[in-house]
Amino acid sequence: MGNCCRSPAAVAREDVKSNYSASHDYNRKESGKKPPITVLSDAFEEAIEDKYLVDRELGRGEFGVTYLCIDKGTRELLACKSISKRKLRTAVDVEDVRREVAIMKHLPRDPSIVSLKEACEDESAVHLVMELCEGGELFDRIVARGHYNERAAAAVTRTIVEVVQLCHKHGVIHRDLKPENFLFANKKETSPLKAIDFGLSIFFKPGEKFSEIVGSPYYMAPEVLRRNYGPEIDIWSAGVILYILLCGVPPFWAESEQGVAQAIIRGQIDFKRDPWPNVSESAKDLVRKMLEPDPKIRLSASQVLEHPWLTNAKKAPNVNLGDVVKTRLKQFSMMNRFKRKALRVIGDFLSNDEVEDIKEMFKKIDSDNDGVVSVQELKIGLQNFGPQLGENEVQIYIESVDPNGKGTLDYGEFLAVSLHIKKMANDEHLHRAFSYFDKDKNGFIEPEELRNALMEDGAEDCTDIANDIFQEVDTDKDGKISYDEFAAMMKTGTDWRKASRHYSRGRFNSLSVKLMKDGSLNLGNE
């Protein structure tokens, strides 16, 4: 297997450098060494390296690094997702990890869901040891096939909706269904497709409604924007994936986040562009019923699985959907990969010094020192920071006050908003991300630099797709991506909601979606 890389525990120990701050308790005395946070109830009695042989890195996200590992006892190949405690900056972060583990333990073993072997922690990191999926991402498998048709799309859709059905049956809403969260178990043509990420999932009771804005804009149901939703949102997201599987582009798209939201609310589905004229009426009927704006009449998971297009999946048209669909799928996947990589780079630049600055800012705004800030305290306190904050940033803080009626922000919530602003609104971080791709530091991202960066994540040769991305991002057509073009790409139509776990969990609403007295929606930055 070759030389082992540094273990996740070693990486985390190096990463933490004893700087972890239990940030939700900002009044804690600073004297002495801060005790390590406990995330889970179990802990290793031995180092993770004693039980597992940890090898190469498989993937990297904002919170965790996933490694290939081998159980020393059984020699089973597994994946170990190691989450650095340094990056769990708030109580919300910690609760996210706890809930993810609880949900994975709660759901029954199923061929369509990655199995959790064990979850444990040491002083520096939480380790999730899971079944290994080495067959690649959903879209990568599709574009690698020589022939892609409705039958293949139906098979994928059935698996995704079976996952939804299993989740709902056991009281779980997934809340973040999207193609990136499905991997093939192995490289065989008959490999099962598995759901791999439950980081935004939540337990629910019948009739219970939620208000947190969750998920990624392309896949977000209209009732999420209205902040009043239940498990039906998963069917909507699965319907968006089905639409993409059949034509290669999302049904609701725009040049800005507000535009995506408006398209979702309008709910107009385009069945005119190629290849829709060649798609069966049965497939289009299922798409319409899954993307029904009214969740009360939207199909349930069992109803989707009973739809004729899925029950007769083996009889679905064997007509090739065409190279245009495969090209779109690959370009869509690669563009998301480009943005996700940039967001990870940005996340790595958020330093503990910046967190300390946020802590001091909160203390100054919290004038009565009660550990929470009200709208009035925010309005008065933020004025004192003058040019440090733009008008739009102040508005984000004001709109972030908990929508459930509490009317205040605690420190963890305030930190979540502040980290979002530092990531998204701070031009310095975008410059740093740009510099990551601009290896020769000539002020431009060139085709070879983009291609090499995309291939760092394990993608095969992607020269053609890098060229396609350039066609979209390089607006002045000079054959290279300037900083302004990069920044425009990062700020339009992107999955900003995955840039921060806090933001994904809806601690505030940058879309400024307001439910008016007459029941209509007002979208914009007012």
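Every value quoted in this text rests on a predicted model; they were computed, and no experiment measured them.

What counts, and at which threshold
Residues numbered from 1 in each chain as written. Predicted model: local features only at pLDDT ≥ 70, side-chain atom pairs only at ≥ 80, totals over all residues. Heavy atoms only, no water. Salt bridge = Lys/Arg side-chain N within 4 Å of Asp/Glu carboxyl O. Helix = DSSP H or I, 4+ residues; strand = E, 2+ residues; numbered from the N terminus. 1 Å grid on protein atoms, 1.4 Å probe; cavity = no way out; pocket = protein on both sides within 12 Å on 5 of 7 lines; lining within 4 Å. Points joined across faces, edges and corners; volume = space filled by probe spheres on them. Nonpolar A, V, L, I, M, F, W, Y, C, P; charged D, E, K, R; others polar. Buried < 20%, exposed > 50% of the residue type's maximum accessible area, 1.4 Å probe, protein only. Pairing = 2+ DSSP bridges. Arc of directions from axis to C-beta. Contact = heavy atoms within 4.5 Å. UniProt positions renumbered as here; feature names shortened; annotations may be inferred. Polar contact = N/O pair within 3.5 Å; in protein donor to acceptor, adjacent residues only side chain to side chain. Expected span 1.5 Å × (residues − 1). Phe/Tyr/Trp six-rings, centres within 6.5 Å; stacked < 30°, edge-to-face > 60°. Lys NZ or Arg CZ within 6 Å of the ring centre and 35° of its normal. Disulfide = S-S within 2.5 Å. Core = buried A, V, L, I, M, F, W, Y, C linked by side-chain atoms within 4.5 Å. Axes fitted to C-alpha atoms, helices over the stretch in contact; angles between N-to-C directions. Left-handed = near helix turned anticlockwise from the far one by under 90°.

Colleague: For this particular structure, what's the right way to read the pattern of salt bridges?
Modeller: Oppositely charged side chains can pair when the atoms bearing their charge come close. Under the counting rule described, the total for this entry stands at 14 salt bridges. In this structure, Glu 100 and Lys 81 form a salt bridge, with 3.4 Å as the shortest nitrogen-oxygen distance. Here Glu 100 is found in helix H3 (residues 91-106), whereas its partner Lys 81 is found in strand S3 (residues 77-84), with 19 residues between them in sequence. In this structure, Lys 194 and Glu 131 form a salt bridge, with 3.1 Å as the shortest nitrogen-oxygen distance.

Colleague: So what exactly am I meant to see when it comes to empty space enclosed by the protein here?
Modeller: Sizing a probe to match a water molecule and rolling it over the atoms shows the empty space that remains. Considering all chains together, one arrives at 5 cavities of 30 Å³ or more under this definition. Lining the second largest cavity, in full, are Arg 175, Asp 176, Leu 177, Val 214, Gly 215, Ser 216, Tyr 219, Met 220, Ala 221, Val 224, Ile 233 and Ser 237. Tallied by class, residues from the lining of the second largest cavity come to 7 nonpolar, 3 polar and 2 charged.

Colleague: Looking at this structure, how should I read unusual backbone geometry?
Modeller: With an omega of 10°, the peptide bond running from Asp 274 to Pro 275 counts as cis. Its place among the elements puts Pro 275 in the loop between helix H8 (257-266) and helix H9 (281-290). Although it is not a glycine, Asn 369 sits at a positive phi angle of roughly 55°. Here Asn 369 is to be found in the loop between helix H13 (352-365) and strand S10 (372-374). At Lys 477, a residue that is not glycine, the phi angle is positive and equals roughly 55°. Within the secondary structure, Lys 477 sits in the loop between helix H19 (463-473) and helix H20 (483-491).

Colleague: Would you take a moment to explain the pairing of strand S2 (residues 64-71) for this structure?
Modeller: Successive side chains on a regular strand alternate, one facing one side of the sheet and the next facing the other. With 8 of its 8 residues buried, S2 lies for the most part within the structure. Side chains Gly 64, Thr 66, Leu 68 and Ile 70 of S2 all project onto a buried face; the interleaved residues Val 65, Tyr 67, Cys 69 and Asp 71 project onto the opposite face, where all are buried too. Pairing of strand S1 (residues 52-60) with S2 involves 6 bridges; the strand directions are antiparallel. Within S2, the residue paired with Leu 53 across the bridge is Ile 70. Adjacent in sequence and paired antiparallel, S2 and S3 are bridged by 5 residues, among which Arg 75 carries a positive phi angle near 65°.

Colleague: Can you walk me through H9 in this structure?
Modeller: Given 3.6 residues per helical turn, the α-helix brings residues three or four places apart onto the same face. Among the residues making up H9, those that are buried are Ala 283, Lys 284, Leu 286, Val 287 and Met 290. Projected onto a plane normal to the axis of H9, the buried residues spread over an arc of 160° and lie on a single side. Where the residues of H9 are buried, they touch helix H5 (150-169), helix H7 (232-247), helix H10 (301-305) and helix H11 (308-311).

Colleague: Got a minute to help me understand the UniProt feature "binding site: ATP" (unreviewed entry) in the protein in this structure?
Modeller: Residues annotated in UniProt with the feature "binding site: ATP" (unreviewed entry) correspond here to Lys 81. The class of Lys 81 is buried, set by a relative accessible area of 18%. In this view, Lys 81 contacts Val 65, Thr 66, Glu 100, Val 126, His 127, Leu 128 and Met 130; residues no more than four positions away in its chain are not counted. At 3.4 Å, the side chain of Lys 81 and the side chain of Glu 100 are in polar contact.

Colleague: Looking at this model, I keep getting lost on H3. Mind explaining?
Modeller: If you check H3, its first and last C-alpha atoms are 22 Å apart, about what 16 residues at 1.5 Å a residue would give, namely 22 Å. All of the buried residues in H3 are Val 92, Asp 93, Val 94, Asp 96, Val 97, Arg 99, Glu 100, Val 101, Ile 103 and Met 104.

Colleague: Just checking my understanding: could you explain the packing of aromatic side chains for this structure?
Modeller: Two numbers describe a pair of aromatic rings. These are the distance of the centres and the angle of the planes. Scanning the model with the defined rule gives 10 aromatic pairs in all. An aromatic cluster of three or more residues is present, and its members are Phe 434, Tyr 436, Phe 437, Tyr 483 and Phe 486. Positioned above the aromatic ring of Tyr 436, the side-chain terminus of Lys 439 is 4.0 Å from the ring centre. Taking NZ or CZ as reference, Lys 480 lies 4.1 Å from the ring centre of Phe 444, over its face.

Colleague: Is there a simple way to explain the state of the cysteines in this structure?
Modeller: Disulfide: a covalent bond connecting the sulfur atoms of a pair of cysteines. Taken as a whole and judged by the stated rule, the model has 0 disulfides. We note that Cys 120 lacks a disulfide partner, and the nearest cysteine sulfur, in Cys 80, lies 7.5 Å from it. Relative accessible area serves as the criterion here: at 3%, Cys 120 is assigned to the buried category.

Colleague: What exactly am I supposed to notice about the environment of Val 126 here?
Modeller: Mapped onto the secondary structure, Val 126 falls in strand S5 (residues 125-131). Residues Val 126 and Gly 64, spaced 62 residues apart in sequence, show a C-alpha to C-alpha distance of 9.0 Å. Each residue touching Val 126, except ones within four places of it in the same chain, is listed here: Val 39, Leu 40, Lys 81, Ser 82, Ile 83, Lys 85, Val 97, Cys 120 and Glu 121.

Colleague: Even after reading the chapter, I still don't get the nonpolar core, so can you show me in this structure?
Modeller: Among soluble globular proteins, nonpolar side chains are generally buried collectively. Judged by nonpolar contacts, the single largest core of 87 residues is most densely connected at Leu 245, Leu 246 and Trp 309. It is H7 that contributes the most residues to this core, 12 residues altogether. Within the second largest apolar cluster, 19 residues are counted, among which are Ala 342, Ala 453, Leu 454 and Val 473.

Colleague: Help me out: how do you make sense of the packing of H7 against H9 in this one?
Modeller: The angle between the axes and the distance between the axes are what describe a pair of packed helices. Packing of H7 against H9 leaves a shortest axis separation of 8 Å and a crossing angle of 150°. As for how H7 packs across H9, the hand of that crossing is left-handed. Mapping the contact onto sequence places Ile 235, Trp 236, Ala 238, Gly 239, Leu 242, Tyr 243 and Leu 246 in H7 and Ala 283, Leu 286, Val 287 and Met 290 in H9. When its residues are assigned to classes, the contact of H7 with H9 shows 10 nonpolar, 1 polar and no charged.

Colleague: What is the right way to read the side chain of Thr 157 from this model?
Modeller: Take Thr 157: it is sitting in helix H5. If we ignore the near neighbours within four places in the chain, the residues touching Thr 157 are Leu 242, Leu 245, Trp 309 and Leu 310.

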